[in-house]
Number of protein chains: 2
Amino acid sequence: MQSIGTVSPSSMHFAEPLALKSGAQIGGYTLVYETYGTLNANRSNAVLVCHALNASHHVAGTYADQPKSTGWWDNMVGPGKPVDTDRFFVIGVNNLGSCFGSTGPMHDNPATGKPYGASFPLVTVEDWVAAQARLADALGIEQFAAVMGGSLGGMQALAWSMMYPERLRHCVVIASTPKLSAQNIAFNDVARQAILTDPEYHGGDFYAHGVVPKNGLKVARMVGHITYLSNDDMAEKFGRKLRNAAENNEYKFDFGVDFEIESYLRYQGDKFSEYFDANTYLLITKALDYFDPARDFNGDLARALAGTRAEFFLASFTTDWRFSPERSREIVEALLCNRRRVTYAEIDAPHGHDAFLLEDPRYMNMVRAYYQRIWDQMPTVRA
Amino acid sequence: MQSIGTVSPSSMHFAEPLALKSGAQIGGYTLVYETYGTLNANRSNAVLVCHALNASHHVAGTYADQPKSTGWWDNMVGPGKPVDTDRFFVIGVNNLGSCFGSTGPMHDNPATGKPYGASFPLVTVEDWVAAQARLADALGIEQFAAVMGGSLGGMQALAWSMMYPERLRHCVVIASTPKLSAQNIAFNDVARQAILTDPEYHGGDFYAHGVVPKNGLKVARMVGHITYLSNDDMAEKFGRKLRNAAENNEYKFDFGVDFEIESYLRYQGDKFSEYFDANTYLLITKALDYFDPARDFNGDLARALAGTRAEFFLASFTTDWRFSPERSREIVEALLCNRRRVTYAEIDAPHGHDAFLLEDPRYMNMVRAYYQRIWDQMPTVRA
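Given the structure is predicted, the values throughout are model-derived calculations rather than measurements.

J.: Whenever I open this one, the domain arrangement of chain A confuses me. Can you help?
T.: How large an interface is tends to be reported as the accessible area lost when its parts come together. Residue and element names in this part refer to chain A. Split into domains, chain A comes out as domain 1 (10-179 + 295-377) and domain 2 (184-284). Of the residues lining the interface, 26 residues belong to domain 1; the matching set on domain 2 comes to 24 residues. Of the roughly 2,200 Å² buried between domain 1 and domain 2 on both sides combined, carbon and sulfur atoms contribute 62%. When the buried area of domain 1 at its contact with domain 2 is split by residue, L53, W321 and R322 rank highest and sum to 29% of it. At the surface where domain 1 touches domain 2, the tally comes to zero salt bridges. Connecting domain 1 to domain 2 are nine residue pairs in polar contact (both at pLDDT 80 or more). Broken down by class, the residue content of the side of domain 1 that touches domain 2 amounts to 15 nonpolar, eight polar and three charged.

See the structure below:
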């Protein structure tokens, strides 16, 4: 198995405004995307990979002259990998409002000539899917072999199955949930409060001030990061190890770093605050909070999924306490109520929510086997 | 059962410096405390109640003309209550470095004439216990019938049993742990980063600037609060209920409050930031992080507890994911290795870590029964 090699992003402009679930609309906008593999003659081998909070269209491969720029799901997507780019034409799209090239809060609002900032309209999972569908139209893809995602990406895949039931044959939903819990929302709101109350946030107009609310973003990322890891995994990797264990192995008795876990989280928080946009963080956490397809059906998820036509693959991880296996099982049960074909894997893995991004032979083999099935079911080439 | 009624705090000054675990020392200092009930003739009925992060010496009763000032463990301590003040002489002490009257960061450092601020020496659980022991000396109490506490208070009770084995007959440790996990430390460090990076913190000297790092304290409290509640309890109490459910029950599509849980946590965070001292929050979270009595015994908790002489009562709560039952069981097992007498109750309660403060008949009855035993074992009055 090898990486897909050097890749480069494309972009596409959409002049027609997009009506959003909030009632607002976005005028002209650009989506940045990448593709891997080759679209076949009958355009039946396309796979859309949807990204989570802090990822992007850059799913696999590396950028020329940037050896460390490997895509976020490179272990999953590539030649000979579970989602085999020798067979499938894989598309990654940066979502609207994100900060990796597609139109977002840091771009100028055509109506004002200034960055949107906090005035960028709040977009929902369903809005992202509508924008992705337009991109699919433009690329000439009527129907995806599969739409796939983990975490927030899984919500997008699920929304695809409801909004455009005829446009995907398979729906792959990993480490996801049909809706956030009060605890999930609470953690998101802690992150938002940290950003919103950072004086450098300037009500979202920090671009004009030449600053970034780094402290708020750092705290937001630290608290998020904790929820991505399992308690056991943190105990195993960090435990109570002191950063100066090799020196005197003593407590420092100040507010600097004592424990390795502090050092790790602060460092990751600092790094994140250097590349991620604060307004994007705010709006993506709101998209997470708002996702609740059963809401229009009096809380009945089975009814919400009644119009779906795809076959489903779901996977969850035993130590994921952010979106626990129980939440995936809710989706599975609601699909079975509708007599959908569902494959569900509950994987005993120690890495918490992050497990969906990590190498695990059982997990990878399950996805590989499922894509073999997708391949075996491929429509024969039309004349 | 009735409340203990009107109470009032006392204070005691200690002129002799206290040597701290860090190597630093505190010069003259004052401890504020309250007592309930009457010390008997042979001084054998005293119970020390140790407080957790955000509590104080004000354990039970109310202050005159402040009807809402009920003590934090009023359901536990009082006439006819599980810790019956008709039998026991109960003492609550505000710990050094706290912000409810005992010497702390907001008080003047005699050496400089200015508030200690961030220069207040970091105190440990063991330092608190040493200071409490001096107070016991001053009150003429050689041996406590019991030393008792929940969470961080339980750590103090445990430290008493190791540091002064002959000075307590019973040790009551509720919802506690022999040491924080990496995840516990991580949450504490998020809270500290929120405070330390708030520009209003001013390196700990915010008193001189006439401000308070309210935003940092608010975020710190919000993240802490989440860890005190169980996932199920939050789901039950708040779920995804919108704050405007009674009006249009629609998402607001802005960064204000959508969900009840957001409203609740922000409100609690705001309230907390109005009365709690930021430097105190920092130093108490460090005391939590540092507590690890097995550390001096190569991680062997049984050896750390080998010198204890008390009988023990421990309780934990099934949905407490901050200090889970597993952590209490570690203490129980280490005590049993030493052939100590141990009573352990694992209580099936939905309220997470906060359960130790809440009314629950099974919990209250267990504590009541244990205090009956303490009473039955009271030494007979010496001539």
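J.: Just checking my understanding: could you explain the UniProt feature "site: Important for acyl-CoA specificity" (unreviewed entry) in chain A for this structure?
T.: All names here are of chain A. Per the UniProt record, "site: Important for acyl-CoA specificity" (unreviewed entry) is found at R322. Examined against the element boundaries, R322 turns out to sit in the loop between β13 (311-317) and α9 (325-337). Here R322 falls in the buried class, since its relative accessible area comes to 7%. In contact with R322, other than residues within four places in its own chain, are N184, T227, Y228, L288, R327 and H353.

J.: Teacher, can you tell me more about the UniProt feature "binding site: substrate" (unreviewed entry) in chain A here?
T.: Residues and elements named next belong to chain A. Within this numbering scheme, the UniProt entry marks R221 and D354 as carrying the feature "binding site: substrate" (unreviewed entry). On the basis of their most widely separated C-alpha atoms, the annotated residues across 134 residues gather in one place, lying no more than 14.0 Å apart. Mapped onto the elements of the fold, R221 is located in helix α4 (residues 214-228). With relative accessibility at 11%, the residue R221 sits in the buried group. Excluding its chain neighbours within four sequence positions, the residues that come into contact with R221 are N54, Y228, Q268, G269, F272 and Y281. Among the structural elements, D354 can be located in the loop between β14 (342-347) and α10 (361-376). The contact partners of D354, leaving out residues within four places of it in the chain, are Y228 and L229.

Reading the values: the criteria
Residues numbered from 1 in each chain as written. Chains lettered and ligands numbered in written order. Predicted model: local features only at pLDDT ≥ 70, side-chain atom pairs only at ≥ 80, totals over all residues. Heavy atoms only, no water. Domains from an automatic or database assignment. Contact = heavy atoms within 4.5 Å. Buried area = accessible area lost by both parts, 1.4 Å probe. Salt bridge = Lys/Arg side-chain N within 4 Å of Asp/Glu carboxyl O. Polar contact = N/O pair within 3.5 Å; in protein donor to acceptor, adjacent residues only side chain to side chain. Nonpolar A, V, L, I, M, F, W, Y, C, P; charged D, E, K, R; others polar. UniProt positions renumbered as here; feature names shortened; annotations may be inferred. Helix = DSSP H or I, 4+ residues; strand = E, 2+ residues; numbered from the N terminus. Buried < 20%, exposed > 50% of the residue type's maximum accessible area, 1.4 Å probe, protein only.

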